[in-house]
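Structure assessment
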Amino acid sequence: MMYEALAAFYDALVKDGEATKRWVDFVNAHHKGKKLLEVACGSGEITLALAVAGYDVSALDLSRNMLRRAQDKAGSEHITWRHGDMRDLSSWPLFDGILCFCDSLNYLLNKADVHTFFVQAYTHLHASGVLLFDMHSQDRLSEFEEEYCEAGMVHGTPYEWTIQTQEDRIYHNFAFYDADARVTLEQHIQRVYDPKWIQSELEQLGFQVSVYTDFTQKGIHSGEKYFYVAVKQEKEQ
């Protein structure tokens, strides 16, 4: 199961306060309502920042370990937390906005699952509600054609982290070593999708779609991430 070992070290490895602020700014720029659901919320950094910004936030994640990390943080009592899968939102009410950040959509490894999530999001948004998400750009595939390697200490634990791509997949491999040099291994796999296919899927469901590269650059350009603003349109009766 992903995030079994990584959850304990996740914030120390990737936490970025400036990036969190940029995600909150992105929500502020493209969302008007107050009632939000963040899926794949992870350790809750963005979730908690949104609550501080005045949003009524609910959040879910597939990893119980990551949820426990989020719930241990100051301010977590203001969030409705739930263990769950973003492909099934059937137990949730309607929201003004649904969010999926930090390239979490790329963990859906087949197109049917992506479609299912989009259907669930559309179904659980009020009219004119907004689905906001980001995903890896296709440039990331060439960026990691040659294996990236990082090694060091985190919370007193030696670790190694490698990233490499193969076809349309990004493979993250983590190794954590205990005091007796025993290793715990964890692999994360993400799929990189054609951004035009993503846009087409959303539009066919009834979303009006805008795409940005790296938060603010309108359209699809070279960069690290694509950001989608998908507004639910009322279907003709």
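Above this text you will find the structure in question.
A few points on the structure. Please read these numbers as outputs of a predicted model, since none were measured by experiment.

What about the sheet that holds strand 3 (residues 80-83)?
Read from one edge to the other, the open sheet built from eight strands follows the order 3-2-1-4-5-12-10-11, with strand pairing classed as mixed. Only two strands of the sheet have a single neighbouring strand rather than two, namely strand 3 and strand 11 (217-218). Pairing geometry for strand 1 (residues 35-39) and strand 2 (residues 56-61), over five bridges, is parallel. Across the sheet, the residue bridging to K35 is D56, located in strand 2. Against the sheet, helix 2 (residues 17-30) engages strand 1, strand 4 (95-100), strand 5 (125-136), strand 10 (207-213) and strand 12 (225-232), with an angle of about 30° to strand 12. Contacts between helix 4 (residues 64-71) and the sheet are confined to strand 2 and strand 3, with strand 3 contributing the most and set at about 165° to the helix.

What to know about helix 2
With 14 residues, helix 2 extends 20 Å between its outermost C-alpha atoms, agreeing within 8% with the 20 Å of an ideal straight helix rising 1.5 Å per residue. Burial in helix 2 covers these residues: A19, T20, W23, V24, F26 and V27. For helix 2, the angular spread of buried residues about the axis comes to 150°, placing them on one side. Facing away from the buried side of helix 2, by more than 90 degrees, are the exposed residues G17, E18 and A29. Considering only its buried residues, helix 2 is in contact with strand 1, helix 3 (45-52), strand 4, strand 5, strand 10 and strand 12.

Section: the pairing of strand 9 (residues 183-191)
The side chains of a regular strand alternate, residue by residue, between the two faces of the sheet. Across nine bridges, strand 8 (residues 169-177) lies against strand 9 in antiparallel orientation. Counterpart to N173 in the pairing with strand 9 is Q187. Count of turn residues in the strand 8/strand 9 antiparallel hairpin: five residues, of which A181 carries a positive phi of about 70°.

Some details on the pattern of salt bridges
In total, this model carries 14 salt bridges according to the counting rule given. The residue K225 makes a salt bridge to D103 at a minimum N-O spacing of 2.6 Å. Taken together, the residues span a long stretch of sequence, with K225 in strand 12 and D103 in the loop between strand 4 and helix 5 (111-123) at a distance of 122 residues. By the burial criterion, K225 is buried, and D103 matches it.

Here we look at unusual backbone geometry
Excluding glycine, most residues fall at negative phi; most peptide bonds, likewise, are trans. In this model, D103 sits at a positive phi of 50°, which is unusual for a non-glycine residue. The phi dihedral of D214 is positive, around 50°, even though this residue is not glycine. Here D214 is to be found in the loop between strand 10 and strand 11.

A word on the side chain of H188
Of note, H188 is situated in strand 9. A polar side-chain atom of H188 sits 3.0 Å from a polar atom in the side chain of Y107.

Some points on the sheet that holds strand 7 (residues 157-166)
Strand order in this open sheet of four strands is 6-7-8-9, and the pairing throughout is antiparallel. Of all strands in the sheet, those bounded by a partner on one side alone are strand 6 (148-154) and strand 9. Strand-to-strand twist in this sheet, taken as the mean axis angle between neighbours without regard to direction, amounts to 15°. Relative to strand 8, strand 7 is paired through eight bridges, and the arrangement is antiparallel. Its bridge partner lying in strand 8, E160 is registered against A175.

Definitions and limits used
Residues numbered from 1 in each chain as written. Predicted model: local features only at pLDDT ≥ 70, side-chain atom pairs only at ≥ 80, totals over all residues. Heavy atoms only, no water. Pairing = 2+ DSSP bridges. Helix = DSSP H or I, 4+ residues; strand = E, 2+ residues; numbered from the N terminus. Contact = heavy atoms within 4.5 Å. Axes fitted to C-alpha atoms, helices over the stretch in contact; angles between N-to-C directions. Expected span 1.5 Å × (residues − 1). Buried < 20%, exposed > 50% of the residue type's maximum accessible area, 1.4 Å probe, protein only. Arc of directions from axis to C-beta. Salt bridge = Lys/Arg side-chain N within 4 Å of Asp/Glu carboxyl O. Polar contact = N/O pair within 3.5 Å; in protein donor to acceptor, adjacent residues only side chain to side chain.

Function cannot be inferred from these measures alone, as they are strictly geometric.
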